Amino acid sequence: MSINYDYDLIIIGAGCAGLSLAHRLTGEDYKVCILELSNNINSKNKLWSFWDTYETPYKEIIKKKWVNLIIKDKNKTSEINCERYSYNSIDSHDFNNYIFKVIKKNKNIDLILSSEVLNIRKEEKSISVATNKNKYICRHVFDSRPENITVSMWQQFFGCYIKTEQEIFDDQKATFMEFSKLRNKFHFMYILPFSPSEALIESTYFSSKKENKMLDEEIIKKYMQNNFPNSEFKIMKSEHGSIPMDTKIKAGSQKYITKIGSYSGATRASTGYTFINIQKQVDHIIQLLPRILMGKSTPKNNFHSYLLRKMDQVFLDIVDNDPDFMKGALIKLFSSKNHDAQIRFLSDIPNIFDLIKVIILLPKIKFLKYSLGFMRKND
């Protein structure tokens, strides 16, 4: 087994978190190595969506912006005004390729594919990272790998990219949530129209259990047939996955290993949104990096504030115990005109007035009972 001594920092995983951190480190006085398990990080396609509430370096690769979002069930439709904070999407392939180009122009970062990390060990004056190929020595490790942990709820989804012969989509409005008629299930369709003839249509569950029904191409075809009965369409590609939604996921960082990404708690438990939080996380790490390398500081253990985590836990409990009630509560919440406050709340930047506005619009008695632990399954 060969040994490389040249690295200051090792990043494990070339996903959103690993590449975002590597991007911030290009051109810096650190020698960086990215170790990626896959031999092709573009083998899977993902779409990351977020409200424009935080400055990032990725404005030029935004695939599409919307200033209106729709939330509806069988009885009511509401429109969310996003003029101040547009709702944006970035394709993971565009993101990866953009960062690859930046990395190639800089000599301080190496990307090594097909590298399985076997163990990380603290040596006397360094950190050793053993892989299936080599042993690397560095000063600090940033680890974005998923962990086998207990998660209270998952966002499970299956989506298809649709191409139609006719122009049938209103590409000025995206459908944030279109709740299905399934009883006792928090299930909805999520539709992002990129043009009048192209859209991502996604079937999504928030569930503590493994869901199988309606997570396949058939539900997408059925949706198209019911909503656009005279259109001809093709499924160009699909995406699927599960996002951990749990308020108890913590960074658990040590002096020589810093966790980053979803499994450090960056994902917002009540929504599954992660992209902007990762950008905040890596910017914070860059600010702290000199102190991190000296062993004098570690990023905070809980990414989200106590109050947001408490509110998210109540949300997850109600979704798990009474999903139909929560659908109605969300329809009511977004039927108000306080959309900027709601977006800031969902984007982790609420002020005290935003929180008050959100709390006023929620069913206070039931939320209070859950927050105090008075409600249980089937209550």
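Scope of this entry: the structure provided in the associated data block. (Residues numbered from 1 in each chain as written. Predicted model: local features only at pLDDT ≥ 70, side-chain atom pairs only at ≥ 80, totals over all residues. Heavy atoms only, no water.)

**Quick notes on a nonpolar patch on the surface**
Point 1. On the surface, a cluster of nonpolar side chains totalling about 430 Å² of accessible area is made up of Ile352, Phe353, Ile356 and Ile360.
Point 2. Its place among the elements puts Ile360 in helix H8 (residues 352–361).
Point 3. Among the residues examined, Ile360 registers a relative accessible area of 51% and is labelled exposed. (Patch = residues over 30% accessible without salt bridge, like charges linked within 9 Å, V, L, I, M, F, W, Y side chains within 5 Å. Areas by Shrake-Rupley, 256 points an atom, 1.4 Å probe, with all protein chains shown as cover. Salt bridge = Lys/Arg side-chain N within 4 Å of Asp/Glu carboxyl O. Helix = DSSP H or I, 4+ residues; strand = E, 2+ residues; numbered from the N terminus. Buried < 20%, exposed > 50% of the residue type's maximum accessible area, 1.4 Å probe, protein only.)

**What about empty space enclosed by the protein?**
Point 1. Evaluated as defined, the whole model comprises three cavities of 30 Å³ or more.
Point 2. The space that makes up the largest cavity amounts to roughly 110 Å³.
Point 3. Together, 13 residues line the largest cavity, and Tyr273, Ile276, Asn277, Leu346 and Ser347 are the ones closest to its centre.
Point 4. Of all the elements in the fold, those that place two or more residues in the lining of the largest cavity are strand E4 (47–51) and helix H4 (275–293).
Point 5. Taken together, the residues of the lining of the largest cavity break down into six nonpolar, five polar and two charged.
Point 6. In this structure, the second largest cavity encloses a volume near 60 Å³.
Point 7. As for the second largest cavity, its lining consists of Asp246, Thr247, Ile249, Gly265, Thr267, Ala269, Asn302, His304, Arg309 and Asp312. (1 Å grid on protein atoms, 1.4 Å probe; cavity = no way out; pocket = protein on both sides within 12 Å on 5 of 7 lines; lining within 4 Å. Points joined across faces, edges and corners; volume = space filled by probe spheres on them. Nonpolar A, V, L, I, M, F, W, Y, C, P; charged D, E, K, R; others polar.)

**Things to note about the sheet that holds strand E8 (residues 87–91)**
Point 1. With antiparallel pairing, the three strands of this open sheet are ordered in space as E4-E8-E5. Looking along the sheet, the strands with just one partner apiece sit at the ends: E4 and strand E5 (64–66). Taken pair by pair, the neighbouring strands of this sheet meet at an average axis angle of 20 degrees, ignoring direction.
Point 2. Two elements, E4 and E8, share five bridges in a ladder whose sense is antiparallel. Each residue of the ladder has a partner; that of Trp48, found in E8, is Ile90.
Point 3. With respect to the sheet, helix H2 (residues 92–104) is in contact with E4 and E8, its orientation differing from that of E8 by roughly 65 degrees. (Pairing = 2+ DSSP bridges. Axes fitted to C-alpha atoms, helices over the stretch in contact; angles between N-to-C directions. Contact = heavy atoms within 4.5 Å.)

**Section: the packing of aromatic side chains**
Here the distance between the centres and the angle between the planes together describe a pair of aromatic rings.
Point 1. Evaluation of the coordinates by the stated rule reveals 25 aromatic pairs.
Point 2. Arranged with centres 5.9 Å apart and planes meeting at 80 degrees, the rings of Phe95 and Phe275 form a pair that is edge-to-face. Highlighted residues: Phe95 in helix H2 and Phe275 in helix H4, separated in sequence by 180 residues.
Point 3. Relative accessible area serves as the criterion here: at 4%, Phe275 is assigned to the buried category.
Point 4. Taken together, a centroid distance of 5.3 Å and an interplanar angle of 75 degrees make the contact between Phe169 and Phe228 edge-to-face. With Phe169 in the loop between strand E14 (153–164) and strand E15 (173–179) and Phe228 in the loop between helix H3 (217–227) and strand E18 (233–245), this residue pair connects regions lying 59 residues apart in the sequence.
Point 5. Taken together, the ring pairs in this structure connect Trp51, Trp66, Tyr87, Tyr161, Phe176, Phe194, Tyr273 and Phe334 into an aromatic cluster.
Point 6. Here Lys63 stacks its cationic end above the ring of Phe194, 4.7 Å away from the centre of that ring.
Point 7. Note that Arg268 overlies the ring of Phe345, its terminal NZ or CZ placed 5.0 Å from the centroid. (Phe/Tyr/Trp six-rings, centres within 6.5 Å; stacked < 30°, edge-to-face > 60°. Lys NZ or Arg CZ within 6 Å of the ring centre and 35° of its normal.)

**Quick word on the pattern of salt bridges**
Point 1. If you walk through the whole model with that rule in mind, you get 17 salt bridges.
Point 2. With its nearest N and O atoms 3.9 Å apart, the salt bridge here joins Lys72 to Glu178. On the criterion of sequence distance, the pair formed by Lys72 in strand E6 (residues 68–72) and Glu178 in strand E15 is long-range, its members being 106 residues apart.
Point 3. In this structure, a network of salt bridges that share partners links the residues Arg183, Asp324 and Lys327.

**What to know about the packing of helix H5 (residues 306–321) against helix H6 (residues 323–335)**
Point 1. At a minimum axis separation of 5 Å, H5 and H6 run at an interaxial angle of 125 degrees. Our classification of the angle between H5 and H6 gives oblique. Each of Phe315, Ile318, Val319, Asp320 and Asn321 in H5 lies in contact with H6, whose residues at this interface are Pro323, Phe325, Met326 and Leu330.
Point 2. Split into classes, the residues belonging to the contact of H5 with H6 amount to seven nonpolar, one polar and one charged. (Parallel < 35°, antiparallel > 145°, perpendicular 65-115°, else oblique.)

**Focus on the nonpolar core**
Point 1. Counting 47 residues, the largest nonpolar core has Trp51, Phe186 and Leu330 as its most contacted members.
Point 2. Setting aside its immediate chain neighbours within four residues, Trp51 contacts Leu69, Cys82, Tyr85, Ser86, Tyr87, Phe176, Tyr273, Ile276, Ile343, Leu346 and Ser347.
Point 3. Ranked by size, the runner-up nonpolar core spans 38 residues in total, among them Val32, Ile103, Phe275 and Leu288. (Core = buried A, V, L, I, M, F, W, Y, C linked by side-chain atoms within 4.5 Å.)

**Thoughts on the state of the cysteines**
Disulfide: a covalent bond connecting the sulfur atoms of a pair of cysteines.
Point 1. Applying the stated criterion across every chain yields a total of zero disulfides.
Point 2. Counting only cysteine sulfurs, Cys33 is the nearest neighbor of Cys16, a cysteine outside any disulfide, at a range of 19 Å.
Point 3. Note on Cys138: no disulfide assigned, nearest cysteine sulfur contributed by Cys33 at a separation of 8.7 Å. (Disulfide = S-S within 2.5 Å.)

**So, the sheet that holds E6**
Point 1. Pairing is mixed across the open sheet formed by seven strands, whose spatial order is E7-E6-E15-E16-E17-E14-E18. The strands lining the two open edges of the sheet, one partner per strand, are strand E7 (77–81) and E18. Ignoring which end each strand starts from, the neighbouring axes of this sheet average 20 degrees apart.
Point 2. When E6 meets E7, the two strands line up antiparallel, connected through five bridges. The residue of E7 that forms the bridge with Lys72 is Thr77.

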